[in-house]
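Descriptive structure summary
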Amino acid sequence: MIALQDVTLTFPDGAGRITAVDRASLRGENGVVTGITGPSGSGKSSILAVAATLIRPDSGRVLLGDGPSAIDAAQLSARDATALRRERIGIVFQQSHLLPALTAREQLQVMGRLGGRRGASRRARIDARVEELLHAVGLSEHAGRRPHQLSGGQRQRVAIARALVHEPDVLLVDEPTSALDQERGAEIMRLIARLTRERGTATLLVTHDLVHRESLDELVHVVDGRAAVPVS
Ligand SMILES: Nc1ncnc2c1ncn2[C@@H]1O[C@H](COP(=O)(O)OP(=O)(O)OP(=O)(O)O)[C@@H](O)[C@H]1O
């Protein structure tokens with residue numbers, strides 16, 4: 001579970017500050033895809049960046065987990081936020097941001113090996129997980145290809161699998177279909193919905209259009225940095 005409570009985020013703007021997120025509250029449950037929609041500039045990406053612990057808000061809480069064991073990510077130092085992100089948060093950006101020199105399999109392996117101890121048994125565990133994920137996103141047969149040998153949709157699949165390598169509780173996805181045609185976009189959305197259910201991640205997904213509404217379990221509308229209006 002992830003919950004943003006009363007989050008405000010401002011940026012410097014000339015002599016003053018611009019409010020990108022204005023006391024926004026929203027909640028993402030485990031196994032549920034929560035869509036975040038709203039007009040351009042309303043604060044969707046800023047909300048996702050705060051949830052990802054990439055930006056610390058001016059105020060408010062970013063809770064991971066429920067009850068007494070919940071962590072407020074907004075209170076963590078930059079170093080602890082990085083550690084938390086590596087362990088518990090998976091991120092998929094608009095563009096897949098794959099490393100051009102690496103094959104699909106290697107993109108996942110590199111991510112899986114980040115930050116942990118070395119050792120043959122850990123490596124074998126990661127490799128098995130990488131194969132399982134490549135299969136889950138339908139890419140086993142193309143695992144030896146580099147990004148330029150993959151279609152846009154396949155690259156997004158690699159990025160999604162890579163975000164899941166360290167078994168995060170929270171999956172954050174920013175406009176995953178923006179570079180895809182409608183059919184490929186629908187496939188990616190269905191894949192995210194399936195993986196969310198199977199793996200129980202709390203998935204927050206920013207989307208500016210609602211063409212793929214059927215893949216979203218919940219939807220919140222962001223208006224002027226406020227995220228408190230559920231859409232039926
Ligand atoms: N790094 C930054 N510095 C200054 N202002 C920023 C920064 N990032 C975002 N903003 C401002 O914060 C507001 C919210 O931006 P944000 O990118 O979160 O909106 P969005 O809803 O994701 O927009 P879009 O759909 O166009 O991507 C906008 O007014 C934007 O100009």
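Analysis parameters
Residues numbered from 1 in each chain as written. Predicted model: local features only at pLDDT ≥ 70, side-chain atom pairs only at ≥ 80, totals over all residues. Helix = DSSP H or I, 4+ residues; strand = E, 2+ residues; numbered from the N terminus. Buried ≥ 20, exposed ≤ 12 C-beta atoms within 10 Å, placed from the backbone. Contact = placed C-beta atoms within 7 Å. Pairing = 2+ DSSP bridges. Axes fitted to C-alpha atoms, helices over the stretch in contact; angles between N-to-C directions. Parallel < 35°, antiparallel > 145°, perpendicular 65-115°, else oblique. Left-handed = near helix turned anticlockwise from the far one by under 90°. Nonpolar A, V, L, I, M, F, W, Y, C, P; charged D, E, K, R; others polar. Near = placed C-beta within 6 Å. pLDDT = per-residue confidence, 0-100.

Across its full length, the chain carries 6 helices and 10 strands. Overall size of the chain, expressed as C-alpha extent along the three principal axes, is 50 × 40 × 35 Å. Taken across its 232 residues, the chain has 40% of its residues classed as buried. Summarising the internal contacts of the chain: among those between residues at least 6 apart in sequence, 71% fall at separations of at least 24.

All right, on to the sheet that holds strand β2 (residues 16-28) then. Across the sheet, which stays open at both edges, the 4 strands sit in the order β2-β1-β4-β5 with antiparallel pairing between neighbours. The sheet is open, and its two borders are formed by β2 and β5 (71-72), each paired with just one other strand. Here helix α1 (residues 44-51) sits on the sheet and contacts β1 (2-13), β2 and β4 (59-64); the angle it forms with β1, its principal contact strand, is near 115°.

With their axes 10 Å apart at the nearest point, helix α5 (residues 152-164) and helix α6 (residues 182-199) run at an angle of 15° to one another. In this view, α5 runs roughly parallel relative to α6, as classed from their interaxial angle. As α5 runs across α6, the sense of the crossing is right-handed. Of α6, the residues touching α5 (which contributes Gly152, Gly153, Gln156, Arg157, Ile160 and Leu164) are Arg184, Glu187, Ile188, Leu191, Ile192, Leu195 and Arg199. Residues belonging to the contact of α5 with α6 are distributed by class as follows: 6 nonpolar, 3 polar and 4 charged.

The environment of the ligand is formed by Phe11, Ile18, Ala20, Gly38, Ser40, Gly41, Ser42, Gly43, Lys44, Ser45, Ser46 and His208. Elements with a contribution of two residues or more to the shell around the ligand: β2 and α1. Take the shell around the ligand: its biggest share by element is 3 residues, from α1. Residues belonging to the shell around the ligand are distributed by class as follows: 3 nonpolar, 8 polar and 1 charged.

Chain-level statistics for the chain give a pLDDT mean of 92 and a share of 97% at 70 or above. Among the prediction metrics, the complex's ipTM stands at 0.95, with pTM recorded as 0.93.

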